[in-house]
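Spelled out from the first residue to the last, the chains are:
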Amino acid sequence: VQLQAYGGGLVQAGGSLRLSCAASGRTFSYYFMGWFRQAPGKEREFVASISWSGGSTHYADAVKGRFTISRDNAKNTVYLQMNSLKPEDTAVYYCVADRSPGVTTTAYDHWGQGTQVTVSS
């Protein structure tokens, strides 16, 4: 599966953004999907994941209660709604996919190209 993430941009602290990730391939609905992010000088970290049906989601503690992951299998798209953004959310956000779930970078074989999110204070 190939992934194309978009929707990043510049937003003030407290604002919102919605990231989207379009996937190619007819087996999208069989994949666990997720988002990672990497801030300058830091390691890539897990943000959120969602099961193939959308019935199970998992979030990093840093974003729990502020971010929501969802998917539309009919559109082969996964979303990340980000509310109450903070300057520390500034990072490149990557969309990921794999047939099994995980919270480490090695758990996912398929990665999108990344989209920049910048939160100003």
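In short, a report on the structure. No experiment lies behind these values; they were computed from the predicted model shown.

### So, the overall build of the protein
Looking only at helices and strands, the protein features zero helices and 11 strands. Secondary structure elements of the protein occur, N-terminal to C-terminal, as β-β-β-β-β-β-β-β-β-β-β. In summary, the protein has a C-alpha radius of gyration of 13 Å against a globular reference of 14 Å for 121 residues, a match within 12%. Overall size of the protein, expressed as C-alpha extent along the three principal axes, is 40 × 25 × 25 Å. Buried residues in the protein amount to 45% of all 121 residues. Across the protein, every contact between residues at least 6 apart in sequence was considered, and the portion connecting residues at least 24 apart equals 55%. Of the roughly 6200 Å² of accessible surface on the protein, 47% is carried by carbon and sulfur atoms. With 11 positive and 8 negative side-chain charges, the protein shows a separation of 6 Å between the mean positions of the two kinds.

### Side note on the state of the cysteines
Under the criterion given, the structure shown has one disulfide. Residue pairing for Cys21: its cysteine sulfur links by disulfide to Cys95, the two sulfurs lying 2.1 Å apart. In this structure the cystine formed by Cys21 and Cys95 twists about its S-S bond by roughly -85°; its chirality is therefore left-handed. Taken together, the residues Cys21 in strand 3 (residues 17-23) and Cys95 in strand 9 (residues 91-98) connect sequence positions 74 residues apart.

### Some words on the pairing of strand 11 (residues 115-120)
Side chains Thr115, Val117 and Val119 of strand 11 all project onto a buried face; the interleaved residues Gln116, Thr118 and Ser120 project onto a face where none is buried. Alignment of strand 2 (residues 9-12) against strand 11, held across four bridges, turns out to be parallel. Along strand 11, the bridge assignment pairs Leu10 with Thr118. With three bridges connecting them, strand 9 and strand 11 associate as antiparallel partners. By the bridge assignment, Val92 is partnered in strand 11 with Gln116.

### Focus on the layout of surface pockets
By volume, the largest pocket is sized at about 160 Å³. If you go around the largest pocket, you meet 13 residues; those closest to its centre are Arg37, Ala39, Lys42, Glu45 and Glu88. Of the residues that constitute the lining of the largest pocket, the class distribution is three nonpolar, two polar and eight charged.

### Considerations on the nonpolar core
One finds Met33, Trp35, Leu80, Met82 and Tyr93 to be the most contacted residues of the largest nonpolar core, which totals 35 residues. Only strand 1 (3-6), strand 3, strand 4 (32-38), strand 5 (45-50), strand 7 (67-72), strand 8 (77-82), strand 9 and strand 11 provide two or more residues apiece to this core. Counting residues per element, this core draws most heavily on strand 9, which supplies five residues. Setting aside chain neighbours within four positions, we find Leu80 in contact with Leu17, Arg18, Leu19, Trp35, Val47, Ala48, Phe67, Thr68, Ile69 and Tyr93.

### Some thoughts on the side chain of Thr90
Examined against the element boundaries, Thr90 turns out to sit in the loop between strand 8 and strand 9. A polar contact is formed between the side chain of Thr90 and the backbone oxygen of Pro87, at a distance of 2.9 Å. If we skip the residues at most four places from it in the chain, Thr90 touches Ala39, Gln116, Val117, Thr118 and Val119.

What counts and what doesn't
- Residues numbered from 1 in each chain as written.
- Predicted model: local features only at pLDDT ≥ 70, side-chain atom pairs only at ≥ 80, totals over all residues.
- Heavy atoms only, no water.
- Helix = DSSP H or I, 4+ residues; strand = E, 2+ residues; numbered from the N terminus.
- Rg over C-alpha atoms; globule rule 2.2 N^0.38 Å.
- Buried < 20%, exposed > 50% of the residue type's maximum accessible area, 1.4 Å probe, protein only.
- Contact = heavy atoms within 4.5 Å.
- Areas by Shrake-Rupley, 256 points an atom, 1.4 Å probe, with all protein chains shown as cover.
- Lys, Arg positive; Asp, Glu negative; His and termini not counted.
- Charge placed at Lys NZ, Arg CZ, Asp CG, Glu CD.
- Disulfide = S-S within 2.5 Å.
- Pairing = 2+ DSSP bridges.
- 1 Å grid on protein atoms, 1.4 Å probe; cavity = no way out; pocket = protein on both sides within 12 Å on 5 of 7 lines; lining within 4 Å.
- Points joined across faces, edges and corners; volume = space filled by probe spheres on them.
- Nonpolar A, V, L, I, M, F, W, Y, C, P; charged D, E, K, R; others polar.
- Core = buried A, V, L, I, M, F, W, Y, C linked by side-chain atoms within 4.5 Å.
- Polar contact = N/O pair within 3.5 Å; in protein donor to acceptor, adjacent residues only side chain to side chain.

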